[in-house]
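Fold and contact review
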Number of protein chains: 2
Amino acid sequence: MAKRIARSVIEFSKAPAILGQAAVAGKIEAEGPLAGKFSEVFMDERLGQPTWEQAETALQAAAIMHAMAAANCSADDIDLHIGGDLINQCTATGFALRDENIPFAGVYAACASFALALALAANLIESGGMQHVSCCGSSHFCAAEKQFRYPLELGVQPTPTAQRTATAAGAIVLSSASDKPKPRITRAIFGNVIDMGVTDPSEMGAAMAPAAWDTLRRFFQDTNTQPSDYDLILTGDLSQIGTHLLHELARQQAGLDLALVHRDCGLMLYDLIAQDVGTGGSGLGCSAAVLCAEVLPRMLSGELKRVLFIGTGALLSAVSPLQGESIPAVAHGVLIEMT
Amino acid sequence: MAKRIARSVIEFSKAPAILGQAAVAGKIEAEGPLAGKFSEVFMDERLGQPTWEQAETALQAAAIMHAMAAANCSADDIDLHIGGDLINQCTATGFALRDENIPFAGVYAACASFALALALAANLIESGGMQHVSCCGSSHFCAAEKQFRYPLELGVQPTPTAQRTATAAGAIVLSSASDKPKPRITRAIFGNVIDMGVTDPSEMGAAMAPAAWDTLRRFFQDTNTQPSDYDLILTGDLSQIGTHLLHELARQQAGLDLALVHRDCGLMLYDLIAQDVGTGGSGLGCSAAVLCAEVLPRMLSGELKRVLFIGTGALLSAVSPLQGESIPAVAHGVLIEMT
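Computed from a prediction, not measured in an experiment: that's the story for all the values here.

1. Details of the overall build of chain A
When you go through chain A residue by residue, the secondary structure sums to eight helices and 15 strands. Overall size of chain A, expressed as C-alpha extent along the three principal axes, is 55 × 50 × 35 Å. The buried share of chain A, reckoned over its 339 residues, is 69%. Within chain A, contacts between residues at least 6 apart in sequence are counted, and of these 78% link residues at least 24 apart. Put simply, chain A shows about 11000 Å² of open surface, and 51% of that area lies on carbon and sulfur atoms. Averaged over its 22 positive side-chain charges, chain A has a centre that lies 7 Å from the centre of its 35 negative ones.

2. Brief notes about the relation of the copies chain B and chain A
With an RMSD of 0.0 Å, the operation that places chain B on chain A is a rotation of 180° combined with a shift of 0.0 Å along the axis. The superposition of one copy onto the other is thereby described by a two-fold rotation axis. The share of interface residues of chain B whose copies in chain A are also at the interface is 100%, consistent with both copies meeting through the same surface.

3. Details of the state of the cysteines
Residue and element names in this part refer to chain A. Evaluated as defined, the whole model comprises zero disulfides over all chains. C136 carries a free sulfur, and the closest cysteine sulfur to it, the one in C292, is 8.2 Å from it. Its relative accessible area of 1% is what places C136 among the buried residues. The thiol of C142 is unpaired, and the distance to the nearest cysteine sulfur, on C286, comes to 16 Å.

4. As for the side chain of E53(B)
Along the polypeptide, E53(B) turns up in helix α2 (residues 52-70). At 2.8 Å, the side chain of E53(B) forms a polar contact with the side chain of Q323(A). Beyond its immediate stretch of four places on either side in the chain, E53(B) contacts V319(A), Q323(A), I87(B), A143(B) and K146(B).

5. So, the pairing of strand β14 (residues 306-314) of chain B
All names here are of chain B. Burial of β14 is extensive: eight of the nine residues sit out of reach of the surface. Relative to β14, strand β11 (residues 232-236) runs parallel, the two being bridged by five bridges. Its bridge partner being in β14, I233 is matched across the sheet by L308. The pairing of β14 with strand β15 (residues 329-338) spans nine bridges and is classified as antiparallel. Note on β15: the bridge partner recorded for R306 is E337.

6. Some thoughts on the interface of chain B and chain A
Tallying the contact residues gives 64 residues for chain B and 64 residues for chain A. For the pair chain B and chain A, the summed buried surface comes to about 5200 Å²; carbon and sulfur atoms form 54% of the total. The largest share of the area that chain B buries against chain A comes from R7(B), Q89(B) and R98(B), three residues that together contribute 15% of it. Scanning the region where chain B abuts chain A turns up six salt bridges. For E325(A), the salt bridge goes to R98(B), with nearest N and O atoms at 3.0 Å. Joining chain B to chain A, the criterion identifies 39 residue pairs in polar contact (both at pLDDT 80 or more). Among the elements of the structure, β1 (2-6), α2, α3 (91-98), β6 (104-106), α4 (113-126), α5 (141-148) and β15 of chain B are those that each provide at least two residues to the side of chain B that touches chain A.

Thresholds applied
- Along each chain, residues carry numbers from 1 onward, in the same order as the chain's sequence is written.
- Each chain is given a letter, starting from A, and each ligand a number, starting from 1, according to the order in which they appear as written.
- Reporting in this predicted model follows two pLDDT cut-offs: at least 70 for local features of residues, and 80 or more for side-chain atom pairs to be given and counted; totals over whole chains, interfaces and linings ignore these cut-offs and use all residues.
- Excluded from the side-chain calculations are hydrogens and water; all other atoms, namely the structure's heavy atoms, are used.
- Think of it this way: any DSSP run of H or I at least four residues long counts as a helix, any run of E at least two long counts as a strand, and we number them from the N terminus.
- Only protein chains enter the accessibility calculation, which uses a 1.4 Å probe; a residue whose area is less than 20% of its type maximum is buried, one above 50% is exposed, and one in between is partly exposed.
- When checking whether two residues touch, look at their non-hydrogen atoms; a contact exists if any pair is within 4.5 Å.
- To be clear on the numbers: accessible area is Shrake-Rupley with a 1.4 Å probe, and residue cover counts the displayed protein chains and nothing else.
- Asp and Glu are treated as the negative residues and Lys and Arg as the positive ones, with His and the ends of the chain left uncounted.
- The location of each charge is read from NZ of Lys, CZ of Arg, CG of Asp or CD of Glu.
- The superposition of copies rests on a least-squares fit of C-alpha positions from residues with pLDDT of 70 or more in both.
- By convention in this document, the label disulfide applies to cysteine sulfur atom pairs within 2.5 Å.
- Polar contact criterion, stated in full: a pair of N or O atoms within 3.5 Å, where within protein one must be able to donate a hydrogen and the other to accept it, and residues adjacent in sequence count only if both atoms are side-chain atoms.
- Pairing between strands is defined by DSSP: at least two bridges between them are needed.
- What counts as buried area is the accessible surface, traced by a 1.4 Å probe, that two parts surrender upon association, with contributions from both included.
- The term salt bridge refers to a pairing of a side-chain nitrogen on Lys or Arg with a carboxyl oxygen on Asp or Glu at a separation within 4 Å.

So this is what it looks like as structure tokens:
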């Protein structure tokens, strides 16, 4: 049974186990600090496909395949796949699932979609309704640039505040049972839509930081915990500017110092000095890949025991800023504990 | 506790109650067979907004407000809102929730999104994790035409097989407890992605019928039931061609006659003889509005007791058919019983 701790904050007493995980990435991601930690690396940005969109579909399919192999299960074992991406109408995910015989539920919370998928998957297992649920999140630099910004062929310079959309995917298989010590999802929180009036789609970190803080603040309050109760608070993806703003919000509004315990996936995927990636990584695949390639293995090795993973998403479209809309954001989270 | 009946088929023993529901619609929808059954009708297709996208946001906000009023609860009572739409990056929904203080999870399964939202919401309540969850689905004719087909100003003729995207929204408040007889969600099924190779985006009914049949077939088999066990099997939205194909598939593959018990929301929203709506209605708001304006009230009046609601969605984008992709489809369902 799940327990309602507070509004939209759930505790999972059975604690669904992360049976296996995998991350795949493109060339630039594989040359960063997480080099050697991906299950597969694609040096060809098209992954042998005719279009960027189809390349992202192939990226997803590879991540799902590797996660199922890591969990030692087959497609037939999976009761449901929950996933999403940033391409219009979540097509990268839908097409990836077309060739699998796995029931599929699509979610959309922009770059918070992977955290949202994990929260919903944990609840489906905790309720007793399912045994194995897989989750995947992806993004592709070229597909996202084409859709949200400019054609790559135009060679437009990114603005100084821009983040780089990661070419990456991460996938996880959650299970109702595991006899081995595994990272387990013990709590979940669903976020409010927060809009502080940022209108520049190159200022994603600034648009999302208040949503991350709103979710963190509620989670601390509703679970009666504080930053030092966690080995790691992992957001994805605020990058440089958003991280600075999140720390400022925590300091000003609650007197909390997040610097010691907080890291952001957008600052972990790339080397911001050696690589030309703006203020850090972004895109749904960034946090999914960093969680799967770096953080979960560090939990399995015993280095980290309690990780609060907060996905942050900007709920805009390519059209909405041109219509004068500001950028709403949302942050969903799961607490992952090694038990 | 939920019970896993089979892969992706869940039984809810506590049976979350539909505490209240509402549907809102545009002018043409309000002139059809469901005239007088909407909580609010908008004669101005822009709903007083500067853009079609913002008009759809206003449509969603109205449906949610009316559903909460019908359920006699306020925004503060809702633990989570689950919803979606067809506009790129689910912005109609995200923007509608921006002004509410309600945690928000976005889903995407095209026109099956409302059924998907109901299935996930029922599980969140059944698990004990939440008390009240609201769901909404919407579509807007002008926003969808602009995004998926041609600018309205161009005056392009629809093809003979085309369906009309409904300007409508439906919303529901689900609850863990109700002391009155209410329609309750007792089972859910999540669908596989099915692609039989249809490449014409004006042939949505043909693309979705095999997905509807795959989900129906599995549900009959896994729950050991047959069409005559239901007062109504309600799909949304196959319209004329898809309905014909679904009946053919059931007859050829399982010897079943669906004609007596099956109706399609796309054929219930409009009068196909008197109104110029092609082969029937489509769009996420069509099935959401027909369920909320017509079917749930008929359950409350005692006329219908067991309704199997199967949402059908075409998982394409505006770009994917131009890249030579065929149209994958998915169908999710919930069993609603009056108890």
